[in-house]
Amino acid sequence: MFDVKEKVAIVTGGASGIGLGAVEALLKKGAKVVIADYNGDAVDAQVARLKEIYNNNVLGVKVDVSNEECVKNMVDETVKTFGRVDALVNSAGVAGRCTIEDEDVVADVKRAMDVNVNGGLYCAKYAVAEMVKHGEGGAIVNVASIMGIVGTANGSAYNGSKHAVVGMTKAWALDLAPKNIRVNVLCPGYTDSGMCNTNTLGAFYDYAKSMHPLAAGLDRIANAEEMGHAVMFMIENTYLTGQAIIVDGGYTTK
Ligand SMILES: NC(=O)c1ccc[n+]([C@@H]2O[C@H](COP(=O)([O-])OP(=O)(O)OC[C@H]3O[C@@H](n4cnc5c(N)ncnc54)[C@H](O)[C@@H]3O)[C@@H](O)[C@H]2O)c1
């Protein structure tokens, strides 16, 4: 098992939702965790809350993952404070909304690619360099989506970018296997979070719930803790690499 106690993990998008679920799961197991997020206020709030429990095992860094220089700075800050990088969770992400016929479709896709694909790529590039430096291996978990496995209408940006994340994960897993750095991708189903709630999804929220076999009679989608648990499994299991793990309450089984 890859024991995260005293190890250093960066979680992008760590101030909210699935990223925050991963942050809490890592902290509970004794890791030192960097909450890296674009939303500086949310970073400050989560760091203040979590420091009460986990003391100096938490660091907050404001970052725009779509900006390579900013990402380099995030990794430098991590090393300055905690000395090394052992794990990376790429959870920062944005949604999309256009059909192929919409006027704004190209800008919509570009934005999703900038954050969901290039953002994760920049983070991996600089985190991997640190893992290689200490030579003890490491683990990367990308967060894609069930929309990285199946298609949906209006999905050029979101489905396109999430399929790319799944593909890139497999390439990185093969690139990095000789260095004992494992790379996997979590594909969550609908999960209560900043991106998925009644305000952001409106009436679609109830429809989304009804699409999950596990929702039948339970009236729920996933929660961030369930995704944090999946991220931990993917970090800890030393024989797992190059895999897309779908945690979706049965959505893609239908
Ligand atoms: N919630 C779902 O139903 C669901 C399902 C499948 C996949 N996902 C994926 O899970 C990941 C987390 O989403 P969530 O649902 O927890 O949403 P969320 O909105 O709660 O969290 C996303 C976080 O990413 C941050 N972020 C956005 N752009 C950023 C950038 N450029 N740089 C740094 N941080 C940035 C936001 O500030 C936010 O804190 C995303 O990649 C999303 O696509 C979510």
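Residues numbered from 1 in each chain as written. Predicted model: local features only at pLDDT ≥ 70, side-chain atom pairs only at ≥ 80, totals over all residues. Heavy atoms only, no water.

Section: the site of the ligand
Lining the immediate environment of the ligand, one finds 28 residues, of which Ser-16, Ile-18, Asp-37, Tyr-158 and Ser-193 sit closest. One nitrogen or oxygen atom from the main chain of Met-195 is found 3.3 Å from an oxygen atom belonging to the ligand. Breaking the shell around the ligand down by element, the ones donating at least two residues are helix H1 (17-28) and helix H5 (156-176). Grouping the constituent residues of the shell around the ligand by class yields 14 nonpolar, eleven polar and three charged. (Near = heavy atom within 4 Å. Polar contact = N/O pair within 3.5 Å; in protein donor to acceptor, adjacent residues only side chain to side chain. Helix = DSSP H or I, 4+ residues; strand = E, 2+ residues; numbered from the N terminus. Nonpolar A, V, L, I, M, F, W, Y, C, P; charged D, E, K, R; others polar.)

Section: the pairing of strand E5 (residues 138-143)
Extensive coverage of E5 is indicated by the burial of six of its six residues. The alternating pattern of E5 places Gly-138, Ile-140 and Asn-142 and Ala-139, Val-141 and Val-143 on opposite faces, both of which are buried. With four bridges connecting them, strand E4 (residues 87-90) and E5 associate as parallel partners. By the bridge assignment for E5, Ala-87 is matched with Ala-139. Following the backbone out of E4, through helix H4 (residues 105-134) and into the adjacent parallel E5, one traces a crossover that is right-handed. Handedness of the β-α-β unit built from E5, H5 and strand E6 (residues 181-188) comes out right-handed. (Buried < 20%, exposed > 50% of the residue type's maximum accessible area, 1.4 Å probe, protein only. Pairing = 2+ DSSP bridges. Right-handed = clockwise from strand over helix to strand, strands pointing away.)

Things to note about H1
The first and last C-alpha atoms of H1 sit 17 Å apart over twelve residues, in line with the 16 Å expected at 1.5 Å per residue. Taken across its twelve residues, H1 has ten buried, putting it largely inside the fold. Residues Gly-17, Ile-18, Gly-19, Leu-20, Gly-21, Ala-22, Val-23, Ala-25, Leu-26 and Leu-27 constitute the buried set of H1. Remark: Gly-30 follows H1 within two positions and exhibits a positive phi of approximately 90°. (Expected span 1.5 Å × (residues − 1).)

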